[in-house]
Amino acid sequence: MAEVSTLADDIGVKAVFGADGTATVMVGGHAAVSGTHARTLSVERGSDGLPAVKLAADSGTIDVTNDLGGKLGGRMDAASTVSGVLDDLDTFVSTFADEMNGVHQAGYDRNGDPGGDLFTYDTSSAAQSFKVDPSVLDDGKLLALAGASTAYAGDGDNLQSMIDVEESDLFDGGNRNGTEQISAIYSTVGQALSSAETDSAVHQAQAEDLQVLRDSISGVALDQEATDLMTWQAAYQASARVVSVADEMLGELMDLVR
Amino acid sequence: MSLIRTTWNSRLTSLANVTSRIGAQLAEAQEVAASGAKVSRPSDAPSDVGRIQSLKAQQARLDTYADNQATSDGMLAVADLSLGGISDALAQAQELAVAMASETYNDDQRVDAATQAQAIFDQVVDLANAQVAGRYVFAGRAYDSVAFESDGTYAGSADQPTVPVSDQLDAPTGYDGSDLLQGTTDVFAVLDSLVSALEAGDADAVAATIDSVASAVDQVISARSQVGNDMTLSIDAQDLSQSLQTELARQLSVLTDADAVQSYTHLFDVQTAYEAALQVTASSKGSNLFSLM
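The following refers to the structure shown. Predicted, not measured: the structure shown is a model, and the values here were computed from it.

**Some remarks on the nonpolar core**
Then, number 1: Residues L83, F138, L181 and L198 of chain B are the most contacted members of the largest nonpolar core, which totals 45 residues.
Then, number 2: Of all the secondary-structure elements, those providing two or more residues to this core are α2 (46-101), α3 (107-128), α4 (177-182), α5 (187-200) and α6 (203-256) of chain B.
Then, number 3: The biggest single contributor to this core is α2 of chain B, with 11 residues.
Then, number 4: Excluding residues that lie within four positions of it along the chain, F138 of chain B makes contacts with A79, S82, L83, L127, A128, A147, F148, Y154, Y175, D176, G177 and L180 of chain B.
Then, number 5: V27, A32, V64 and L68 of chain A belong to the second largest nonpolar core, which has 11 residues in total.

**Here we look at the interface of chain B and chain A**
Then, number 1: Contacts between chain B and chain A engage 32 residues on the former and 39 residues on the latter.
Then, number 2: Between chain B and chain A, roughly 3,000 Å² of surface is buried when both sides are summed, and carbon and sulfur atoms account for 59% of that area.
Then, number 3: Put simply, chain B and chain A have six salt bridges between them.
Then, number 4: A salt bridge links E208 of chain A to R21 of chain B, with the shortest nitrogen-to-oxygen separation between them at 3.0 Å.
Then, number 5: Inspection of the chain B/chain A interface yields 10 residue pairs in polar contact (both at pLDDT 80 or more).

**Focus on the packing of α2 of chain B against α6 of chain B**
All names here are of chain B.
Then, number 1: One way to put it is that α2 packs onto α6 with a least axis distance of 7 Å and a crossing angle of 165°. Overall, the two elements α2 and α6 adopt an arrangement that is roughly antiparallel. Our pair here, α2 against α6, has a crossing hand that is left-handed.
Then, number 2: Counted by class, the contact of α2 with α6 contains 34 nonpolar, 13 polar and eight charged residues.

**Some thoughts on the pairing of strand β6 (residues 51-56) of chain A**
Residue and element names in this part refer to chain A.
Then, number 1: Pairing analysis gives five bridges linking strand β5 (residues 41-45) to β6, with the strands arranged antiparallel. The residue bridging S42 from the neighbouring strand is K54, located in β6.
Then, number 2: From the end of β5 to the start of β6, which pair antiparallel, there are five residues, and G49 there has a positive phi angle of about 90°.
Then, number 3: Judged from the three bridges that link them, β6 and strand β7 (residues 61-63) form a sheet pairing that is antiparallel. By the bridge assignment, L55 is partnered in β7 with I62.
Then, number 4: Connecting β6 to the next strand, β7, in antiparallel fashion are four residues, including G60 with a positive phi near 80°.

**A word on unusual backbone geometry**
Then, number 1: In this structure, A151 of chain A is a non-glycine residue whose phi angle is positive, near 50°.
Then, number 2: With respect to the element layout, A151 of chain A can be found in the loop between α4 (134-138) and α5 (157-164).
Then, number 3: A relative accessible area of 3% places A151 of chain A in the buried class.
Then, number 4: Residues other than glycine seldom take positive phi values, yet A133 of chain B does so here, at roughly 50°.
Then, number 5: Relative to the helices and strands, A133 of chain B is located in the loop between β1 (131-132) and β2 (135-136).

**Structural notes on the layout of surface pockets**
Then, number 1: Taken as a whole, the largest pocket encloses approximately 1,700 Å³ of empty space.
Then, number 2: As for the largest pocket, its lining consists of 40 residues, and the residues nearest its centre are A8, D9, G69, G70 and H203 of chain A.
Then, number 3: Of all elements in the fold, only α1 (2-11), β1 (14-17), β2 (23-27), α2 (70-106) and α6 (178-218) of chain A reach the threshold of two or more residues within the lining of the largest pocket.
Then, number 4: Residue contributions to the lining of the largest pocket peak at 14 residues, all from α6 of chain A.
Then, number 5: When the residues that make up the lining of the largest pocket are grouped by side-chain class, the tally is 18 nonpolar, 14 polar and eight charged.
Then, number 6: The computed volume of the second largest pocket comes to approximately 930 Å³.
Then, number 7: Along the wall of the second largest pocket there are 38 residues; nearest its centre are L159, Q160 and I163 of chain A together with N68 and P164 of chain B.
Then, number 8: Contributing elements (two or more residues each) for the lining of the second largest pocket: α5 of chain A together with α2 and β3 (162-164) of chain B.
Then, number 9: Residue contributions to the lining of the second largest pocket peak at seven residues, all from α2 of chain B.
Then, number 10: Residue composition of the lining of the second largest pocket, grouped by class: 16 nonpolar, 11 polar and 11 charged.

**Here's the deal with the sheet that holds β5 of chain A**
Residue and element names in this part refer to chain A.
Then, number 1: The strand order β5-β6-β7 describes an open sheet built from three strands, whose pairing is antiparallel. Of all strands in the sheet, those bounded by a partner on one side alone are β5 and β7. Taken pair by pair, the neighbouring strands of this sheet meet at an average axis angle of 40°, ignoring direction.

**Some thoughts on the environment of T231 of chain A**
Then, number 1: Among the secondary structure elements, T231 of chain A is positioned in helix α7 (residues 222-257).
Then, number 2: Here the alpha-carbon distance between T231 of chain A and A126 of chain A, two residues 105 residues apart in the chain, equals 74 Å.

**Some points on the pattern of salt bridges**
Pairing between side chains becomes possible if they bear opposite charge and their charged atoms approach one another.
Then, number 1: Enumeration according to the criterion identifies 15 salt bridges over all chains in this entry.
Then, number 2: In this structure, the salt-bridge partner of D80 of chain B is R224 of chain B, at a minimum N-O distance of 3.0 Å. Highlighted residues: D80 of chain B in helix α2 and R224 of chain B in helix α6, separated in sequence by 144 residues.
Then, number 3: Residue E247 of chain B is joined to R250 of chain B by a salt bridge in which the shortest nitrogen-to-oxygen separation is 2.9 Å. Of this pair, E247 of chain B and R250 of chain B both sit in helix α6, three residues apart, which is roughly one turn of the helix.
Then, number 4: Here the residues in one salt-bridge network are E166 and E167 of chain A together with R61 and D167 of chain B, joined through shared partners.

What counts as what
Residues numbered from 1 in each chain as written. Chains lettered and ligands numbered in written order. Predicted model: local features only at pLDDT ≥ 70, side-chain atom pairs only at ≥ 80, totals over all residues. Heavy atoms only, no water. Core = buried A, V, L, I, M, F, W, Y, C linked by side-chain atoms within 4.5 Å. Buried < 20%, exposed > 50% of the residue type's maximum accessible area, 1.4 Å probe, protein only. Helix = DSSP H or I, 4+ residues; strand = E, 2+ residues; numbered from the N terminus. Contact = heavy atoms within 4.5 Å. Buried area = accessible area lost by both parts, 1.4 Å probe. Salt bridge = Lys/Arg side-chain N within 4 Å of Asp/Glu carboxyl O. Polar contact = N/O pair within 3.5 Å; in protein donor to acceptor, adjacent residues only side chain to side chain. Axes fitted to C-alpha atoms, helices over the stretch in contact; angles between N-to-C directions. Parallel < 35°, antiparallel > 145°, perpendicular 65-115°, else oblique. Left-handed = near helix turned anticlockwise from the far one by under 90°. Nonpolar A, V, L, I, M, F, W, Y, C, P; charged D, E, K, R; others polar. Pairing = 2+ DSSP bridges. 1 Å grid on protein atoms, 1.4 Å probe; cavity = no way out; pocket = protein on both sides within 12 Å on 5 of 7 lines; lining within 4 Å. Points joined across faces, edges and corners; volume = space filled by probe spheres on them.

Okay, here's the thing in structure tokens:
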């Protein structure tokens with residue numbers, strides 16, 4: 001019983017008890033433990049980079065990742081949500097960096113040469129690897145802020161074009177600018193967190209109710225035990241009294257016979 | 001109707017859960033009361049996050065505008081002072097020209113006065129090369145190098161550097177010196193003519209420069225007026241920017257700041273509930289029928 005409870009806590013298994021008291025432990029409709037037979041659960045890296053939980057079957061494995069509950073299911077859900085947000089961030093960063101690089105390349109640096117890349121990133125993890133191009137960091141003169149090859153110190157025409165990128169509707173199919181897009185991502189995170197907090201509170205309350213119900217069946221109620229004890233004590237004392245009276249009666253009868 | 005048996009374990013668990021929940025509420029209420037902010041993380045107000053971010057972005061932009069404004073103000077103030085100095089120097093040149101054109105002075109005295117005129121010329125070049133933090137005010141966009149050569153040749157660019165000080169307005173951070181000082185009348189050419197005429201000791205030639213010098217004075221006064229106009233626009237933009245800052249701060253405060261009275265009242269209520277929960281938990285330890293036996 002305690003093991004099933006722990007498994008339910010950890011991965012959200014469900015147990016079906018037979019008439020003989022044995023439990024069949026189910027993971028998302030698949031029997032993981034049945035009688036004396038158990039199937040192996042394993043973790044593999046999925047094609048999306050997220051962990052996938054597999055249940056061994058007669059031929060190969062069954063993916064039960066989406067059927068998991070409990071702590072692990074919660075963490076998998078969280079990982080999936082975070083992964084979605086990271087994808088959005090990657091798209092945001094790569095779109096922004098590409099646009100800025102295009103504008104930067106259209107300008108001229110202080111040497112009068114056309115600009116190169118302003119930002120670099122690794123396409124596999126744009127948000128994580130996003131940074132200013134090292135050559136620009138090393139030499140500020142390579143910032144292509146000028147709009148003409150004369151590249152006067154006060155020529156900020158291309159800088160203005162770069163600033164204007166902020167207001168360009170580059171995202172969401174041309175419907176959002178950078179600020180709106182990052183706000184939308186931020187809002188998505190907030191919404192997911194808020195929903196998770198609400199879900200957690202609801203599930204917590206449900207879990208507490210179920211715990212009370214379970215304990216009411218399998219637990220020990222001290223008040224009830226005390227009441228029962230008093231009842232049995234009274235019954236025992238009454239029985240003892242009956243025996244005592246009977247003994248006395250027998251004694252009296254024996255005396256009469258004598 | 002079936003009754004649910006309340007076990008000792010479930011009673012303690014329930015008490016612990018309630019105490020824990022109220023403890024979490026207490027921590028949250030303390031955070032709000034201490035920080036004065038009702039939105040500390042996105043989940044506190046997901047629907048307002050976009051608006052809050054947008055307001056913060058606008059605030060950041062206004063901060064940048066304010067920095068730009070300060071830069072422009074500094075440049076404009078120096079430009080105004082320099083043009084004032086150039087105007088004074090030209091007035092001196094005008095007086096010198098008028099005096100030396102008269103027959104009161106002889107040729108030798110005019111030749112001597114040429115030194116004074118050359119000094120005025122040099123002073124005007126010096127003033128026209130005014131700098132703020134290494135930036136030449138009258139060099140146009142080429143402000144990292146000298147605006148005028150020592151002979152008065154313009155070495156800057158024929159355009160004006162500007163910075164945005166509001167969504168609609170750009171303020172100058174320098175001027176095209178050739179436009180201000182060599183537009184209608186070339187201030188340096190006029191002064192150079194005066195020096196040459198004085199060096200030649202030629203009274204008629206000196207007299208011929210008087211009108212030109214007067215035109216140069218008018219030109220500089222006009223330039224100074226342009227700078228003054230820019231300063232007025234800058235002050236207007238500053239006022240507008242401050243009004244916007246105030247309004248943005250107000251809107252942001254409505255979305256993110258907690259009401260002090262409300263937050264402290266809530267904190268007090270939750271604190272009371274928490275203490276009550278702790279007391280109930282403590283007193284429930286021996287509260288079963290066994291303790292009465």
